[in-house]
Amino acid sequence: MEGRTKGQERIRSAGGSLTRLLCRPVVTGLENVPDDGGFIVASNHLSFLDSVLIQGIFPRPVSFIAKAEYFTQPGLRGRGKKFFFESFGSVPVDRTKQSGAVEALFDLTTMIRAGYGIGIYPEGTRSRDGRLYRGKNGVGWLALATGAPVVPVGLIGTQRLQPPGRTMIRPAKFQMHIGEPLQFEHLGEKHPLPVRRQATGQIMDAIAELSGQQRVHAYNAPPSDPSPSDPSTPRDPSSGADG
């Protein structure tokens, strides 16, 4: 179970079963998830719940980045929240540290090389208008640095489960389409920026084909007043201001 406890895996499996029961999602392409070895899930991002949905439905655990506060809150509720996010494979990142994004990216490469699945949202933050924004180059850096296959995912309708700015979650039908893995040359951590951009572009093209979203050739700016429950996706550190 890839370094996880039986209890954590049961929580993940139960979450996936409950999602299927309540939401009746349309899921295609599960056969495209590699049976073994490290892999990268690259998905569009419409809802706070996207990570949990992917983690619960995928046949193998997928680790996404989450705010460090989810793992450090005191009391019984804090311990429960920590157990929940650990069960679904979330990785804490400290947003208060300037180096947090860089450390998170290298943590993900370590997990991939150890044979685990990791997830990333190339847009960097949720799309508030339903369009697909330009991908930041962190996903391309990960693909080229590790040589791991990239599994593109297109989510449709997940924003209906918890619309932006709402705290209540309601069951709603959604779609999850999983594409064939994309394989890029293993160039290591030091590689040219144009190659990284090209890999990122190919990944975003695959996501767009699966999600059917309108494309925006600009980066998605995070909201000025984000929901307190919104997980953190670190700013892409792999190419500075270029994203």
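Every value quoted in this text rests on a predicted model; they were computed, and no experiment measured them.

**Q** Sorry if this is basic, but what is going on with the environment of glycine 179 here?
**A** With respect to the element layout, glycine 179 can be found in the loop between strand E8 (175-178) and helix H7 (193-211). Sequence spacing of glycine 179 and threonine 28 is 151 residues, and the spatial spacing of their C-alpha atoms is 8.4 Å. Excluding residues within four positions of it along the chain, glycine 179 makes contact with Asn32, Val151, Pro152 and Leu210.

**Q** What exactly am I supposed to notice about the sheet that holds strand E2 (residues 39-43) here?
**A** Here we have six strands laid out as an open sheet, ordered E1-E8-E7-E2-E6-E3, and mixed in their pairing. A strand with exactly one partner marks an edge of an open sheet, and here the two such strands are strand E1 (26-28) and strand E3 (62-63). Here E1 pairs with E8 via three bridges, running parallel. Bridge pairing in E8 places valine 27 opposite methionine 176.

**Q** Explanation requested: a nonpolar patch on the surface in the structure shown.
**A** A cluster of nonpolar residues, Ile11, Phe83 and Phe84, forms a patch on the protein surface that exposes about 240 Å² of accessible area. Residue position: phenylalanine 84 is located in helix H4 (residues 75-87).

**Q** I keep staring at the side chain of serine 127 and nothing clicks. Help me out?
**A** Here serine 127 lies in the loop between strand E6 (117-120) and helix H6 (138-146). Within the local environment of serine 127, its side chain forms a polar contact with the backbone oxygen of arginine 131, the two atoms lying 2.7 Å apart. When sequence neighbours within four positions are dropped, the list of residues in contact with serine 127 reads His45, Leu46, Tyr133 and Asn220.

**Q** I keep staring at the pattern of salt bridges and nothing clicks. Help me out?
**A** For side chains of opposite charge, pairing can occur when their charged atoms come near one another. One pass over the full model with this rule turns up three salt bridges. Of the charged contacts, one joins arginine 113 and glutamate 189 as a salt bridge, the two residues approaching to 3.3 Å between their closest N and O atoms. Residue arginine 113 is located in helix H5 (residues 100-113), and its partner glutamate 189 is located in the loop between E8 and H7; the two are separated by 76 residues in the primary sequence. Note on arginine 113: relative accessible area 48%, which makes it partly exposed. Here aspartate 129 makes a salt bridge to arginine 131, at a shortest N to O gap of 3.0 Å.

The rules behind these values
Residues numbered from 1 in each chain as written. Predicted model: local features only at pLDDT ≥ 70, side-chain atom pairs only at ≥ 80, totals over all residues. Heavy atoms only, no water. Helix = DSSP H or I, 4+ residues; strand = E, 2+ residues; numbered from the N terminus. Contact = heavy atoms within 4.5 Å. Pairing = 2+ DSSP bridges. Patch = residues over 30% accessible without salt bridge, like charges linked within 9 Å, V, L, I, M, F, W, Y side chains within 5 Å. Areas by Shrake-Rupley, 256 points an atom, 1.4 Å probe, with all protein chains shown as cover. Salt bridge = Lys/Arg side-chain N within 4 Å of Asp/Glu carboxyl O. Polar contact = N/O pair within 3.5 Å; in protein donor to acceptor, adjacent residues only side chain to side chain. Buried < 20%, exposed > 50% of the residue type's maximum accessible area, 1.4 Å probe, protein only.

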